[in-house]
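Structure at a glance
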Amino acid sequence: RMTISLTVILIETTRNISYGLPIMLTLMVAKWVGDLFNRGLYDIHIELKHWPLLEWEAHPSWEKLSAADIMQSKMEWLSPTPTVGRLVDILKRTQHSAFPVCVYTSCSQEERENDGCNGSLHNRSHLKLLGLVLRSQIVTLLKLEQFRDVTEPKLPAIIYSELTQFYPKYPDIMDITLTVSEQNCVIDVDLYMNPSPYTVSPLSPITKVFTLFRSLGLRHLIVVNNRGEVEGVITRAELQEHYINRVYQEKEDCQASLVITNTPTVIVSTPSTHSIQDLGSRIQ
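Described below are features of the structure shown in this document. Residues take numbers from 1 onward in each chain, read along the sequence in its written order. Two thresholds apply to this predicted model, a pLDDT of at least 70 for residue-level local features and 80 or more for giving and counting side-chain atom pairs, whereas whole-chain, interface and lining totals are computed over all residues. Based on all heavy atoms of the structure, the side-chain values leave hydrogens and waters out of the count.

1. Some remarks on the sheet that holds strand 5 (residues 230-235)
Backbone hydrogen bonds hold the strands of a sheet together, and the pairing may be parallel or antiparallel. Pairing between strands is defined by DSSP: at least two bridges between the two strands are required. Helix and strand assignments come from DSSP, with helices taken as H or I runs of at least 4 residues and strands as E runs of at least 2, each series counted from the N terminus. Reading across the sheet, the three strands line up as 3-4-5 and stay open at both edges, with mixed pairing between neighbours. In this open sheet, the two strands that pair with only one neighbour each are strand 3 (199-200) and strand 5. Where strand 4 (residues 220-224) and strand 5 come together, five bridges link them in antiparallel fashion. Looking at the pairing, valine 223 lines up with glycine 232 of strand 5. Across the face of the sheet, helix 10 (residues 206-216) comes into contact with strand 3, strand 4 and strand 5 while running at roughly 145° to strand 4. Should any heavy atoms of two residues lie within 4.5 Å, those residues are considered in contact. Axes here refer to lines fitted to C-alpha atoms; in helices the fit is confined to the stretch in contact. Angles between the N-to-C directions go from 0 to 180 degrees.

2. Overview of the packing of aromatic side chains
Any two of the Phe, Tyr and Trp rings considered here, Trp counted by its six-membered ring, make a pair once their centres fall within 6.5 Å; the pair's planes then place it as stacked at under 30 degrees, edge-to-face at over 60, or tilted in between. Inspection of the entire model under this criterion finds three aromatic pairs. Their ring planes at 70° and their centres at 6.4 Å tell us that tyrosine 167 and tyrosine 170 sit as a pair that is edge-to-face. Each residue is placed in one exposure class: buried if its accessible area under a 1.4 Å probe, protein chains only, is under 20% of its type's maximum, exposed if it is over 50%, and partly exposed if it falls in between. What makes tyrosine 167 exposed here is its relative accessible area of 61%.

3. Quick notes on helix 5 (residues 84-93)
For helix 5, the full list of buried residues reads Val84, Arg86, Leu87, Val88, Ile90 and Leu91. Contacts from the buried residues of helix 5 go to strand 1 (98-104), helix 7 (135-143) and helix 9 (180-183).

4. Looking at the layout of surface pockets
What the largest pocket holds in volume is close to 740 Å³. Elements with a minimum of two residues in the lining of the largest pocket: helix 3 (41-49) and helix 11 (241-262). For the lining of the largest pocket, the element with the most residues is helix 3, which contributes five residues. Residue classes in the lining of the largest pocket are distributed as ten nonpolar, four polar and seven charged. A cavity here means a set of points on a 1 Å grid, drawn over the protein atoms and nothing else, where a 1.4 Å probe fits but cannot get out; a pocket is an open set with protein on both sides within 12 Å along at least five of seven lines, and a residue lines either one if it has an atom within 4 Å of a point. Grid points are joined across faces, edges and corners, and a volume is the space filled by probe spheres set on the points. Approximately 330 Å³ is the volume attributed to the second largest pocket. Around the second largest pocket sit 15 residues that line it, and His96, Ser97, Arg219, Thr235 and Arg236 are the ones nearest its centre. By the convention adopted, Pro, Cys, Tyr, Trp, Phe, Met, Ile, Leu, Val and Ala count as nonpolar, Lys, Arg, Asp and Glu as charged, and the other residues, Gly among them, as polar. In terms of residue class, the lining of the second largest pocket is built from five nonpolar, six polar and four charged.

None of this, on its own, says anything about what the molecule does.
In structure tokens, the structure reads:
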């Protein structure tokens, strides 16, 4: 499938530019014949490896779907000062590369008792978005022991060079050992979060979301309603063609079933022979 590069390689190998046009025509015909049967070898391997590689452009039929149709409404989130034990637990249970930092604008006593004010997006009522913090940043802060006791004041933020000193291979959370007392400490993630992450409305079409991911190179996009409350998160996994096609088909089937259910039933009653005879006798 690499027509241009393969042509250049063959010309450099033969050292005869006169064969350039025949080689190019041969490779173009071979590519067209191969496209009739299957996709390219690299494309097949990407699909087998489940790598979230986006297509070049969105399908026109995706205009019928919105961000709310494909977003993940259940995702872990962090408070501005979570405990070290909670951070370690989240990092070990998930493989997310970023986490939204949120706070409840109003939290009831029942939610506090059920740990609903510092948990997941299962209960998103009045969950206000403050920013976005990366997984690599959290692991680095744990490795550098940038945590404090709850009663102590905030630690000064470390500089950017220290925060990225492990780039590109950041430590694994499994390699970090902490004592029980350290797990009860807190980390001020609000000092390192991105306070203005890219967001999108739940009503935004998928084509717009796809364009944002392709043009800006995003890995995650927060879905926020008109009140600034978090509705869900979209990653590259939700923009895969097979996933969107499945969501599209489910939505089409649901709409078809609703049309069938709401179709009124017309009952036509046919008068019997006896009723017609009785009517005739009454007229006479």
